[in-house]
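Structural characterization, general
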Amino acid sequence: MTVPEFHQRIHVDTDRCLGCFACALACPEGLIGWEDGERTRRFHAPALCSGDCTRCRDACPVDAIHLEPMKEPAPAAEPLCWSLSLALCRMCRKPFTTQPILALLTRTLHHTVGLSQGECHWALCCPACRRDLESRRLLDAARWNR
Amino acid sequence: MDSFLFVDFTRCIACHACETACGREHGGAGRLYVMRFENAAVPLACRQCEAAPCVAMCPEDALVYDEGSGVGLVVERCTRCGLCVAACPFGVMRLGAGPGGDPVRCDRCRRRREEGRLPVCVLTCPTQALSVQGRAVVQDRRRIHFTGLRVS
Ligand code: SF4
Ligand code: SF4
Ligand code: SF4
Ligand code: SF4
C-alpha cells in the first residue's frame, strides 16, 4: 500500500525529548498527542505527515524532532510512540513535571542561577507545595522579626 | 514610576478581593494566590527575581529580565513548553487555561503601568496590604535566606 499524499517523515529522538509537549501544542492539525498515566507521560505521533509546515520541529526546545522530506510515496508506517517518567512531588506525591525537565532544572539552577543542590529542595516539589512552603517561610520570618 | 509589588501579609484578611480584581483585569483566574492558614493569610505573586530561574530555563528567550520592571514575557517568542512553570520557586506561574494557554503570572498590570496607573489589586485591597514600591524598599525583604535567591 502506498500513501502518496504524505510528504514528510517524522523522526523523534526520544532520548533528547523532555516531554514538555510544545510540539503537540504547535501542530496545527493536532497530530501529536500525549496522556499522563500514574508515573509516565506517553506521546504518540504519526510516522508520516501530510502537512508542509515545520512547527513541531521549530517549537521543540531541544531539537528532538527531525523532519525528513520524502521524494517518493512511502508505504504506510507504524505511528511513533514514546514515553517518559513523571516526577512526583516530594510532599504531596502527585506528578508535576517529567524527570528530564526536573534534571534540566537542577542543572540550570546550578550553572545559570548559581544555586547548589542543597539550596533548592523546593525544586522537588510541585507548584502548590512550593506556595505552601513559601508562605510558611514568610510566616516564620515574620514571627522572628517581631 | 515605582513598579514592584510589595506585600505586607500581616495586614491581609484573606478576602480574596485582589485575586478577583486581578482575574477581571486580565481575564481568567487571578495571578495572586492567597494562602490561608489558621490565623494568618499570605498573598503570593511573582517576585520578579533578579536571577530568575524561569528566565534561565526559557529556551526561546521569551522571558526577559529588566532592571526597572522585573520579568517580562515576549509572547510572540513563547512556544508554551511550560519549562518556566516548572522553574518558579514560589509556584506562582502557570500555563493559562485551555490548550495552548500562555504562561500566566503577575506582570504588575503591564498595560496599566504603561499608562501610569496603579495595579488593580493594590487599588482593591481594603486593608492596604498591597502597595507598589521602588526596588530598594522591596529588596529589603530579599529572601536569600530561604530560597538562596535574590528576589525583589
Ligand atoms: S517539543 Fe521536543 S522535547 Fe517537547 S515533547 Fe515534543 S519532542 Fe519532546
Ligand atoms: S512556556 Fe514560553 S516563556 Fe515559558 S519557558 Fe516555554 S517558551 Fe519560555
Ligand atoms: S499587579 Fe496586576 S497582575 Fe499583578 S497580582 Fe496585582 S492585579 Fe494581578
Ligand atoms: S485584597 Fe488585600 S486583604 Fe484581601 S486577600 Fe488580597 S491582599 Fe489580602
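A quick note: this is a predicted structure, and the numbers were derived from the prediction, not measured. (Residues numbered from 1 in each chain as written. Chains lettered and ligands numbered in written order. Predicted model: local features only at pLDDT ≥ 70, side-chain atom pairs only at ≥ 80, totals over all residues. Heavy atoms only, no water.)

So, the site of ligand 4
This is how the line gets drawn: If a single non-hydrogen atom of a residue is within 4 Å of a molecule or strand, that residue counts as near it. Each residue gets one of three labels, nonpolar for Ala, Val, Leu, Ile, Met, Phe, Trp, Tyr, Cys and Pro, charged for Asp, Glu, Lys and Arg, and polar for the others, Gly among them.
Cys12, Cys15, His16, Cys18 and Cys125 of chain B are the nearest of the 14 residues found near ligand 4. Here the shell around ligand 4 is built from residues that sort into twelve nonpolar, two polar and no charged.

Observations concerning the interface of chain B and chain A
The cut-off we apply is this: Contacts are residue-level and defined by heavy atoms, with any inter-residue pair within 4.5 Å sufficient. Note on terms: buried area is the combined drop in 1.4 Å-probe accessible area of two parts once they are placed together, counting the loss on both. A side-chain nitrogen of Lys or Arg and a carboxyl oxygen of Asp or Glu constitute a salt bridge if their distance falls within 4 Å. Contacts described as polar in this section are N or O atom pairs within 3.5 Å, which, within protein, must combine one atom able to donate a hydrogen with one able to accept it, while residues neighboring in sequence count only if both atoms come from side chains. The way it works is that DSSP assigns letters per residue, a run of H or I at least four long becomes a helix, a run of E at least two long becomes a strand, and they are numbered from the N terminus.
With 33 residues of chain B in contact, the opposing surface of chain A contributes 29 residues. Buried surface at the junction of chain B and chain A, both sides included, amounts to about 2700 Å², of which 74% is carbon and sulfur. Our count for the chain B to chain A interface comes out at one salt bridge. Here Glu134 of chain A ties to Arg47 of chain B by a salt bridge, and the two come within 2.5 Å at their closest N and O atoms. Counting the contacts that link chain B with chain A gives four residue pairs in polar contact (both at pLDDT 80 or more). Of all the elements in the fold, those that place two or more residues in the side of chain B that touches chain A are strand S2 (33–37), strand S3 (40–44), helix H2 (53–57), helix H3 (83–87) and helix H7 (144–147) of chain B. The element contributing the most residues to the side of chain B that touches chain A is H3 of chain B, with four residues. For the side of chain B that touches chain A, the per-class residue count stands at 24 nonpolar, five polar and four charged.

Here we look at the pairing of strand S3 (residues 40–45) of chain A
Along any regular strand the residues' side chains alternate between the sheet's two faces. All names here are of chain A. To keep it simple, the criterion reads: Burial status follows relative accessibility: with a 1.4 Å probe on protein chains alone, a residue under 20% of its type maximum counts as buried, one over 50% as exposed, and anything between as partly exposed. By this definition, two strands are paired if DSSP reports at least two bridges between them.
Burial along S3 is one-sided: Arg41, Phe43 and Ala45 are buried, and none of Thr40, Arg42 and His44, which face the opposite way, are. Pairing analysis gives four bridges linking strand S2 (residues 33–36) to S3, with the strands arranged antiparallel. Across the sheet, the residue bridging to Glu35 is Arg42, located in S3. Both S3 and strand S6 (residues 80–88) contribute to a ladder of six bridges, which runs antiparallel. Looking at the pairing, Arg41 lines up with Leu84 of S6.

Here's the deal with the packing of aromatic side chains
All names here are of chain A. Stated precisely, the cut-off is as follows: We call Phe, Tyr and Trp rings a pair once their centres come within 6.5 Å, taking the six-membered ring for Trp, and we label the pair stacked below 30 degrees between planes, edge-to-face above 60, and tilted otherwise.
Tallied over the full model, the rule gives two aromatic pairs over all chains. With a centroid separation of 4.0 Å and an interplanar angle of 5°, the aromatic rings of Phe21 and Trp34 are classed as stacked. Taken as a pair, Phe21 in the loop between strand S1 (8–12) and helix H1 (22–26) and Trp34 in strand S2 lie far apart in primary sequence, 13 residues in all. Summarising the aromatic geometry, the rings of Phe43 and Trp82 are spaced 5.1 Å apart at their centres and angled 10° between planes, so their arrangement reads as stacked. Highlighted residues: Phe43 in strand S3 and Trp82 in strand S6, separated in sequence by 39 residues.

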